[in-house]
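Overview (structure and organization)
Each chain is listed here by its residues.
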There are 2 protein chains.
Amino acid sequence: MTKLNILPGTLDLIVLKVLSIEPLHGYAVSQRVQAASNGRLLLEEGSLYPALYRMERKGWIESEWQKTDNGRRARVYRLSDEGGRQLAQEEANWLGVSAVMGSILDLK
Amino acid sequence: MTKLNILPGTLDLIVLKVLSIEPLHGYAVSQRVQAASNGRLLLEEGSLYPALYRMERKGWIESEWQKTDNGRRARVYRLSDEGGRQLAQEEANWLGVSAVMGSILDLK
DNA sequence: CTCTATGCTTAGATTGTCTAAGTAACTCTA
DNA sequence: TAGAGTTACTTAGACAATCTAAGCATAGAG
């Protein structure tokens, strides 16, 4: 079980997908990703937060400040309709890319 | 069948894999990739050639000028032993990454 | 003799992620 | 009650990777 870096170009897809399950704040997003990857994939904060800001500017996600269970403030993000369409598109693109990679790695 | 861009971070793996089948010159590499992807994946020349130079500097591939069938000169690249090890490593990394992506995209 | 395909080269822009540092508040433990 | 660890966010700058775009040169087809 080696440590893995996120593949450049897949960060938005990952975040959109996680947020499509339920609204979460940034820190929780990074924990979800770690959990879903059995701790193998680490989403750096310096990557995650700027990505959230960028995607909010693009209208893919929306946010508001809330209090968490433990009395801390956190900015909670949720997927917008446009974000849902973007997610579908990026998901399809990923499936295409990984299929192509599969056929290349299958060469003999 | 949409057009696909290469995922940043997978270029070396793609080229090493193609060269592991048989030695090829740059132009042929790009054609192999297109063929293996049913024309969906285009390897830009401005990406491919610098990648070849870079990998040769690292010792992963070796090259020599040759004449092709049609009387043109071409620099033919072949995988080195070190390149073979690098390929194995990148291939394993890809499998890990795509498995992780799969489990994230499977979230419900 | 012009057009298309083959084949290579390189400068610079652009994009994306990471490194690294910082702020701040809460919880647990000694 | 002081300190450590966790939660949570912010941002500047570095760095790596790919693409854009332009160019050179030759061969074969029409």
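Below you will find a few notes about this structure. (Residues numbered from 1 in each chain as written. Chains lettered and ligands numbered in written order. Predicted model: local features only at pLDDT ≥ 70, side-chain atom pairs only at ≥ 80, totals over all residues. Heavy atoms only, no water.)

Take the interface of chain B and chain A next. Listed per partner, the contact involves 28 residues of chain B and 29 residues of chain A. When chain B packs against chain A, the two sides together hide about 2700 Å² of surface, and 81% of this comes from carbon and sulfur. In terms of surface lost to chain A, no three residues of chain B exceed B:Met101, B:Ile104 and B:Leu105, which account for 22% of the buried area on that side. Linking chain B to chain A there are 0 salt bridges. Our count for the contact surface shared by chain B and chain A stands at 4 residue pairs in polar contact (both at pLDDT 80 or more). For the side of chain B that touches chain A, the secondary structure elements donating two or more residues are helix H1 (11-21), helix H2 (26-36) and helix H4 (81-105) of chain B. Taken together, the residues of the side of chain B that touches chain A break down into 17 nonpolar, 7 polar and 4 charged. (Contact = heavy atoms within 4.5 Å. Buried area = accessible area lost by both parts, 1.4 Å probe. Salt bridge = Lys/Arg side-chain N within 4 Å of Asp/Glu carboxyl O. Polar contact = N/O pair within 3.5 Å; in protein donor to acceptor, adjacent residues only side chain to side chain. Helix = DSSP H or I, 4+ residues; strand = E, 2+ residues; numbered from the N terminus. Nonpolar A, V, L, I, M, F, W, Y, C, P; charged D, E, K, R; others polar.)

Next up on the list: the sheet that holds strand E1 (residues 24-25) of chain A. All names here are of chain A. One open sheet holds the 3 strands; their spatial order is E1-E3-E2, and the pairing between them is antiparallel. Taken across any chain shown, the strands that pair with only one partner, and hence form the sheet edges, are E1 and strand E2 (61-67). Here 7 bridges tie E2 to strand E3 (residues 73-79), and the two strands are oriented antiparallel to one another. Note that in E3 the partner of Gln66 across the bridge is Ala74. This element, helix H3 (residues 45-57), spans E2 and E3 of the sheet and lies at about 125 degrees to E2. (Pairing = 2+ DSSP bridges. Axes fitted to C-alpha atoms, helices over the stretch in contact; angles between N-to-C directions.)

Every one of the 28 residues lining DNA strand C counts as a neighbour, but A:Ser47, B:Tyr27, B:Glu45, B:Tyr53 and B:Arg75 are closest to it. Among the atoms of DNA strand C close to the protein, meaning within 4 Å, 70% are from sugar or phosphate groups. Between B:Tyr27 and DNA strand C, the recorded distance is 2.6 Å, taken from a side-chain N or O atom to a phosphate oxygen. One of the side-chain nitrogen or oxygen atoms of B:Thr68 is found 3.4 Å away from a phosphate oxygen of DNA strand C. When residues of the surface near DNA strand C are assigned to their parent elements, the largest contribution, 5 residues, is made by helix H3 (residues 45-57) of chain B. By residue class, the composition of the surface near DNA strand C is 9 nonpolar, 12 polar and 7 charged. (Near = heavy atom within 4 Å.)

With that settled, consider the relation of the copies chain B and chain A. Each copy of the sequence occupies a distinct position, and chain B is placed on chain A by a rotation of 180 degrees and an axial shift of 0.0 Å, giving an RMSD of 0.1 Å. In the structure described here, the two chain copies are related by an operation that fits a two-fold rotation axis. Judged by C-alpha distance, B:Pro8 is the residue of chain B that lies nearest the rotation axis, at 2.8 Å. Of the residues that chain B buries at the interface, 100% are likewise interface residues in chain A, meaning the two copies contact each other through the same surface. (Least-squares fit on C-alpha atoms with pLDDT ≥ 70 in both.)

Now for the packing of aromatic side chains. In the structure shown here, the tally under the stated rule is 1 aromatic pair over all chains. With 5.7 Å between their ring centres and 35 degrees between their planes, A:Trp94 and B:Trp94 make a pair best called tilted. Highlighted residues: A:Trp94 in helix H4 (residues 81-105) and B:Trp94 in helix H4, drawn from two different chains. For the pair shown, A:Trp94 and B:Trp94 are each scored as buried. (Phe/Tyr/Trp six-rings, centres within 6.5 Å; stacked < 30°, edge-to-face > 60°. Buried < 20%, exposed > 50% of the residue type's maximum accessible area, 1.4 Å probe, protein only.)

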